[in-house]
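So the chains spell out like this:
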Amino acid sequence: MTLRPLLPTTFRRLIALIPVLVFVLDFPLTVFARPIQSPGLALLNDSDPVPPGLVLHDQPGTGPVIDLMVEGNASDVELEVLGVVIGSRLSNNVRTVRVPLSRLDEVRAMPGLSRIVASRPLKPLHDASVPGTLATPNYWSAASPNFTGSAGANVIVGIVDSGVDWSHGDFRNPDNTTRILSIWDQNSAGAPPAGFGYGNECTQAQINAGTCTETDASGHGTHVTGSAAGDGSATGNGQPANRFIGMAPRADIIVVATNFSGNGVIDGVNYIFQRAAALGRPAVVNLSLGSQYGSHDGTEGLDTGISSLTGPGKIVVASAGNEGNTGRHAEQLVPPGPASTVTVNVPAFTAAGGAGNDYILIDAFYNGPDNMSVTLTSPGPSPVTVGPVAKGLNGGSAASLAGNIYVENGLTPSASGAQNIFIQVYDSNAARPPRAGVWTITLTPVSTKAATECDLWLADFSLGTTGAAVTFTSDVDNAE
């Protein structure tokens, strides 16, 4: 089955409006350009279920809300009247927001917005800590609690992760009071911190009283906090105390139990720096998390949002990543003339069932002035082909026996001007998960005079319950 490329949603709507415009040409007409939207976001118009790679929450009294970043001069009041909850206000008129799904089309139609960016899901990353940094923390030498040197004293270490076991002895002072100044749990309802309209904040007094309700279900955030600021006093499992000491064992700590969305991480960093500023203290925020979405050139909303919060006494450090040698990046130099192909392997797996649970998302970029078409072909039997999709168009959202397939090409330029190719294959129902086998991406130059570099990343995938890994099987480049 071959599926023809479809006109973008915006073009389809404009064509539908032509008969109406014939009758109103005698009146003044103002045309507002719709904002640039993240790849795949247009599928929310008519997609059922909601496609993967977007961050949604159930908000009491509102229903489903979606995490977005918006850029433009639309006022806070204009957004809030539509039920939008504003989180962080960043530079260049950028704001993190939660938009009721039922009001999304109205937000898209706001003339004051120039760009709407989907907040993408992130995942925890943390393999090695002090040895991996090549640091020698000899600024302290005496055993806990009598560390010599600064050992992080008077500095705040911020952690944005899965949370923290606030009762753990590694995060307590010698008098058994907590070193944790506050915890913002973004996943629970309650008393949000000032300036943020969601989550629940535990104060230091609540932590000392043992009444904080936050928990770290996975333990990842506790592990990361120990690597950054644990004093090593509560070692267990037969190991001697004071063996596993973090980088800054005398620092105070602020923790954000994040929802692992781009918005949640930006808001979390902002919250920590605001709390530190109120105390007149410098802060270092650790992010042992990340994703493979975006152009990887520092111009994505998550990157620029975090960067805008930094400055003297406000430092963010991030994990180098756990995925450097996992076949998640491919690089193809597409020559003039013949088409080039990149292949992706989907291993055999048992589907998770339901809808939107099994998926593959590929985010790719090529030089802005260049031009190529994109075709996606599934494995057999009876391979399904979507494309060729020309630059500036999309291949629709096509249900097939190989999965629900969507291909976008150059419809959403990145902030740096690079052209984006966005591919997703997902289960629109339990009977149609992505087909196992080798998928082929065909890149056909249209007006390219020289070889064009195209970088492709496996932005995200989830297959069944066994964690089967999708990998590129050609043109793999682990350097990026």
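Everything here concerns the structure above.
Remember, predicted model here, so these are calculated numbers, not experimental data.

**Q** Which residues make up the sheet that holds strand 21 (residues 393–400), and what are the values?
**A** Ordered in space as 16-25-18-23-22-21, the six strands form an open sheet in which the pairing is antiparallel. A single partner strand is all that each edge strand has here, and the edge strands are strand 16 (329–334) and strand 21. Recorded for the sheet is a direction-independent mean angle of 15° between the axes of neighbouring strands. As paired strands, strand 16 and strand 25 (residues 452–462) are joined by six bridges and run antiparallel to one another. Across the sheet, residue Gln332 finds its bridge partner in strand 25, namely Cys454.

**Q** Give a description of the nonpolar core that names residues and reports values.
**A** Among soluble globular proteins, nonpolar side chains are generally buried collectively. One finds Ile362, Ile441 and Leu456 to be the most contacted residues of the largest nonpolar core, which totals 33 residues. If sequence neighbours within four positions are ignored, Ile362 has contacts with Val344, Ile421, Phe422, Ile423, Ile441, Leu456, Trp457, Leu458, Ala459 and Phe472.

**Q** Explain the sheet that holds strand 10 (residues 180–185) residue by residue, including any values.
**A** Two orientations exist for strands paired in a sheet by backbone hydrogen bonds: parallel and antiparallel. Strands sit in the order 11-10-12-9-13-15 across an open sheet of six strands; the sheet is mixed. Where the open sheet ends on each side, the last strands, each with one partner, are strand 11 (200–203) and strand 15 (314–318). In this sheet, adjacent strand axes meet at a mean angle of 15° when their direction is disregarded. In the sheet, strand 10 pairs with strand 11 via four bridges, with the strands oriented antiparallel. When the bridges of strand 11 are listed, Ile183 appears paired with Cys202. In this fold helix 6 (residues 220–229) packs onto strand 9 (156–161), strand 12 (252–257) and strand 13 (283–287), with an angle of close to 155° to the strand it touches most, strand 9.

Rules behind the numbers
Residues numbered from 1 in each chain as written. Predicted model: local features only at pLDDT ≥ 70, side-chain atom pairs only at ≥ 80, totals over all residues. Heavy atoms only, no water. Pairing = 2+ DSSP bridges. Helix = DSSP H or I, 4+ residues; strand = E, 2+ residues; numbered from the N terminus. Axes fitted to C-alpha atoms, helices over the stretch in contact; angles between N-to-C directions. Core = buried A, V, L, I, M, F, W, Y, C linked by side-chain atoms within 4.5 Å. Buried < 20%, exposed > 50% of the residue type's maximum accessible area, 1.4 Å probe, protein only. Contact = heavy atoms within 4.5 Å.

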